[in-house]
Amino acid sequence: MKITASLIDKLIRLRNGESIPASQLRGEWVSELESDGVIVSTSHGSRRVLFVPQPEAFLQALSAFDERLSDLDLMRDTLQTCETFRSVQASATGNSKLMAVRSCPGFPINTYEPIACLLNGREMIANPQEGSFMFISDWQSFSIPQDVVVVGIENVENFRMIRQQRALFERTIGPGRLLFVSRYPQSSDLRSWLQAIPNDYIHFGDFDLAGIHIFLTEFHAYLGERSSFFIPSDIEQKLANGSLERYNAQYLKFKYLTTDIPLLQHLIDTINTYHRCYDQEGYINV
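This one's a predicted model, so the numbers in the text were calculated from it and none came from an experiment. (Residues numbered from 1 in each chain as written. Predicted model: local features only at pLDDT ≥ 70, side-chain atom pairs only at ≥ 80, totals over all residues. Heavy atoms only, no water.)

A.B. asks: Got a minute to help me understand unusual backbone geometry in this structure?
C.D. replies: Phi is mostly negative for residues that are not glycine, and the peptide bonds are mostly trans. At Asn120, a residue that is not glycine, the phi angle is positive and equals roughly 55 degrees. Looking at the secondary structure, you find Asn120 in the loop between strand S5 (115-119) and strand S6 (122-126). Relative accessible area serves as the criterion here: at 46%, Asn120 is assigned to the partly exposed category. With phi around 55 degrees, His275 is a residue other than glycine that occupies positive phi space. Tracing the sequence through the fold places His275 in the segment after helix H12 (262-274). For His275, a relative accessible area of 39% puts it in the partly exposed group. (Helix = DSSP H or I, 4+ residues; strand = E, 2+ residues; numbered from the N terminus. Buried < 20%, exposed > 50% of the residue type's maximum accessible area, 1.4 Å probe, protein only.)

A.B. asks: What am I meant to see in the pairing of strand S4 (residues 107-110) here?
C.D. replies: A regular strand places its side chains on the two faces of the sheet in alternate fashion. Side chains Phe107 and Ile109 project from S4 onto one buried face, and the interleaved Pro108 and Asn110 project onto a second face that is buried too. Here S4 pairs with strand S7 (residues 134-136) via three bridges, running antiparallel. Bridging across to S7, Phe107 finds its partner in Ile136. Note that S4 and strand S10 (residues 178-181) share two bridges and pair antiparallel. Residue pairing across strands places Asn110 opposite Phe180, the latter belonging to S10. (Pairing = 2+ DSSP bridges.)

A.B. asks: Where do I start with helix H11 (residues 244-254) in this structure?
C.D. replies: Every α-helix winds through 3.6 residues per turn, so residues three or four apart in the chain are directed the same way. Taken together, the buried positions of H11 are Tyr247, Gln250 and Phe254. Across the axial projection of H11, the buried residues extend over an arc of 85 degrees, all falling on one side. H11 presents Glu245, Ala249 and Leu252 as exposed residues on the side facing more than 90 degrees away from its buried surface. The secondary structure elements touched by the buried residues of H11 are helix H9 (209-223) and H12. Its side-chain oxygen at 3.0 Å from the backbone nitrogen of Arg246, Ser243 defines the N-terminal cap of H11. (Arc of directions from axis to C-beta. Contact = heavy atoms within 4.5 Å. Polar contact = N/O pair within 3.5 Å; in protein donor to acceptor, adjacent residues only side chain to side chain.)

A.B. asks: Looking at this model, I keep getting lost on the sheet that holds strand S1 (residues 20-21). Mind explaining?
C.D. replies: Strand-to-strand pairing in sheets goes through backbone hydrogen bonds, with the strands running parallel or antiparallel. Taking strand neighbours across the sheet as the criterion, the three strands line up as S1-S3-S2 in an open arrangement whose pairing is antiparallel. Unpaired on one side and paired on the other, S1 and strand S2 (40-44) mark the two borders of the sheet. Two elements, S1 and strand S3 (residues 47-51), share two bridges in a ladder whose sense is antiparallel. Within S3, the position partnered with Ile20 by the bridge is Leu50.

A.B. asks: I'm lost on the nonpolar core in this one. Help?
C.D. replies: Nonpolar side chains tend toward joint burial in soluble globular proteins. In this structure, Phe142 and Trp193 are the most contacted members of the largest nonpolar core, which totals 53 residues. By residue number, the principal contributor to this core is H9, which donates seven residues. Once residues within four sequence positions are removed from consideration, Trp193 is found in contact with Phe107, Trp139, Phe142, Ile144, Val150, Leu179 and Val181. Counting residues in each nonpolar core, the second largest holds 22 residues, with Leu11, Ile39, Val52 and Ala61 among its members. (Core = buried A, V, L, I, M, F, W, Y, C linked by side-chain atoms within 4.5 Å.)

A.B. asks: In this structure, what is going on with helix H3 (residues 55-65)? I would like to understand it.
C.D. replies: For H3, the complete set of buried residues consists of Phe58, Ala61 and Leu62. The buried side chains of H3 occupy one side of the element, clustering within an arc of 100 degrees when seen end-on. Away from the buried face of H3 by more than 90 degrees, exposed residues Glu56, Gln60 and Ala64 are located.

Take a look at the structure:
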């Protein structure tokens with residue numbers, strides 16, 4: 001059973017002695033409650049309505065059928081709350097899994113030099129020790145200096161090992177300050193944060209048609225000219241010795257991929273010329 005605010009409102013109306021059209025409440029569980037006499041159906045002309053003759057028996061039957069329905073008022077309040085945390089559910093009901101709630105919103109960040117940021121109005125120095133990274137859960141209140149360039153890294157291994165790619169970043173992007181981010185766990189939190197800040201964004205993904213498609217549809221479409229695709233100067237040499245199998249696997253789906261970004265279109269043309277792809281892990285200096 002899918003618990004929705006609309007369903008809870010209908011159950012509360014029945015509990016309170018109101019009638020509702022039978023067309024608004026359907027399902028095998030409703031039929032079972034009708035068979036047991038907990039819910040009564042009556043006809044008014046061509047319309048059939050449902051009502052509950054004994055509210056207490058109705059509530060007991062709901063609770064036995066699904067524990068989430070043991071307290072309709074609490075469930076309504078919970079559904080109407082924009083941010084529902086598992087701890088609140090557990091405290092109120094003893095069950096933290098009554099509803100599907102994201103208990104870990106946000107995204108990880110990494111740096112190879114200290115960057116003074118703001119989190120919940122207080123200064124925070126982003127400077128993870130090598131071998132670790134930081135996770136920003138209150139991302140709505142997280143801000144960084146405007147001169148910092150945000151670099152989104154698709155592959156987790158590349159994200160963890162940014163120090164082994166520092167020369168690549170400095171050679172391709174320049175000597176400015178960089179904040180590295182990852183969109184794992186997969187969600188729209190990172191993109192929403194990027195939309196809320198003025199900083200430039202550079203997307204570092206696999207050098208294949210699928211990776212370029214991700215950048216164009218999931219980032220550039222929302223960030224516009226503030227976003228660009230990370231293209232190392234030696235990428236043509238890498239593609240010449242890349243994966244033919246990966247290219248063939250993607251070609252039918254992305255063969256019509258184009259863009260009005262000249263440098264990125266040149267990369268697409270190069271990929272199609274060599275019929276090969278190159279994974280970003282190849283740039284980790286091991």
